[in-house]
Amino acid sequence: MNENEFDVIVVGGGAAGLNAALVLARSRRRVVVVDAGEPRNRFTAHMHGFLTRDGFDPAELLRIGRDEVRGYGATILEGRAITATGSAGAFEVMVETAASETREAETRTLKGRRIVIATGLRDELPPIDGLQEQWGRGAVACPYCDGWEARDSRVVVIAASARASHQAELMRQLSDDVTIVGRVTAELETETLRGFAARGIRVGENDVVRVERIDETRERPLRLTLDDGSTLEADAVFTGGALVPNDELLRQLGAETVAGPMGEWTASDPTGLTSVPGVWVAGNSANAGALVIVAAASGLTAATVINYDLVQDDIAQALEFQALRPPALRP
């Protein structure tokens, strides 16, 4: 193989992609990881729910992961995959590589026998002034990732969709001061609202139009301005907009999608295999709700199946080559 030919091309260098590359490289597969350097959790300094790494800096996890992957001979290519074509055994991925101190940006075409797509998803936040600036700081999405840090504090859930009721219900387990606001609350089922009342969760039907930090020298509190001019103070804000899969390459390859609770997602089996032979998904590309530890595990699962798939391919090629040899040269 030349420098652009690989057994497996992994697109996405987060926990899922790196763990897939680690397992494949340890099986002596020639692997490249294409990473654009934009993980979904780049806005936060801590991750949680990952045994032995609770509270760890996610950027540091990826740095260590890259070093481990390189240690087994895999290649980390900083750049953005822009097209993917081909079929099992003969995929091509065009990559725009990033410029560095030693080399200029360039376009490379990688060839691979199999592909793992681990490009994840992006959060399209509600159009609220100041929310993006506070994202990952005082404003977050996941009660399992950041709920403990907001325990016993003033929690406001901004209801961008009906799914926000789930956030409010979960946060009530951690704080007895929970408010959910937004016009979406008027659309909630009566039973949900009755549950809020029984648990002491306050409901406001005005939309939030601005989120700002009262004192930039402190993490808390935040001030929320409502569309009627009134304000709320919160120590923690939970919200979330649309979850949008970064699935451009999967669509180019013709992968089927399926409707689910998080929206339309790439269809895959429990190992991550898509409807396209030779193409696997891992991490949030496979499961919109996967936390970091789940994403990493899905990368491992996909890698073990891919390696065995390649083993069978290698056997078939060896048998074919043997059949073409003259009888006198066969073992």
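See above for the structure.
Quick look at the structure, then.

Cut-offs applied
Residues numbered from 1 in each chain as written. Predicted model: local features only at pLDDT ≥ 70, side-chain atom pairs only at ≥ 80, totals over all residues. Heavy atoms only, no water. Helix = DSSP H or I, 4+ residues; strand = E, 2+ residues; numbered from the N terminus. Expected span 1.5 Å × (residues − 1). Buried < 20%, exposed > 50% of the residue type's maximum accessible area, 1.4 Å probe, protein only. Arc of directions from axis to C-beta. Contact = heavy atoms within 4.5 Å. Polar contact = N/O pair within 3.5 Å; in protein donor to acceptor, adjacent residues only side chain to side chain. Pairing = 2+ DSSP bridges. Axes fitted to C-alpha atoms, helices over the stretch in contact; angles between N-to-C directions. Phe/Tyr/Trp six-rings, centres within 6.5 Å; stacked < 30°, edge-to-face > 60°. Lys NZ or Arg CZ within 6 Å of the ring centre and 35° of its normal. Parallel < 35°, antiparallel > 145°, perpendicular 65-115°, else oblique. Left-handed = near helix turned anticlockwise from the far one by under 90°.

Looking at helix α2 (residues 58–71)
Part 1 of the reasoning: With 14 residues, α2 extends 20 Å between its outermost C-alpha atoms, agreeing within 8% with the 20 Å of an ideal straight helix rising 1.5 Å per residue.
Part 2 of the reasoning: Regarding α2, the residues found buried are Pro 58, Leu 61, Leu 62, Gly 65 and Val 69. Burial along α2 is one-sided: seen end-on, the buried residues are contained in an arc of 95°.
Part 3 of the reasoning: Elements that come into contact with the buried residues of α2 comprise α1 (15–26), β3 (75–87) and α8 (292–324).
Part 4 of the reasoning: For α2, the capping residue at the N-terminal end is Asp 57, with a side-chain oxygen 2.9 Å from the backbone nitrogen of Ala 59.
Part 5 of the reasoning: Backbone geometry just downstream of α2 places Gly 73 in the positive-phi region, at approximately 95°.

Examining the sheet that holds strand β10 (residues 202–204)
Part 1 of the reasoning: Sheet architecture is open: five strands sit in the order β7-β14-β8-β9-β10, paired in parallel fashion. Each edge of the sheet is formed by a strand with only one pairing partner; in this case those strands are β7 (139–140) and β10.
Part 2 of the reasoning: When strand β8 (residues 155–158) meets strand β9 (residues 178–181), the two strands line up parallel, connected through four bridges. The partner of Ile 158 across the bridge, within β9, is Val 181.
Part 3 of the reasoning: On the sheet, helix α5 (residues 164–172) packs against β8, β9 and β14 (236–238) and is oriented at approximately 175° with respect to β9.

A word on the packing of aromatic side chains
Part 1 of the reasoning: Applying the stated rule across the entire model yields zero aromatic pairs.
Part 2 of the reasoning: One cation-aromatic arrangement involves Arg 30 over Phe 6; the distance from NZ or CZ to the ring centre is 4.8 Å.
Part 3 of the reasoning: Directly above the ring of Phe 56 sits Arg 53, whose terminal nitrogen or CZ lies 5.3 Å from the centroid.

Details of the packing of α1 against α2
Part 1 of the reasoning: Look at α1 against α2: their axes get within 9 Å of each other, and the N-to-C directions meet at 20°. Taken as axis vectors, α1 and α2 run roughly parallel relative to one another. For the pair α1 and α2, the sense of crossing is left-handed. Judged by residue contacts, Ala 15, Leu 18, Ala 21 and Leu 22 of α1 engage Leu 62, Gly 65, Arg 66, Glu 68 and Val 69 from α2.

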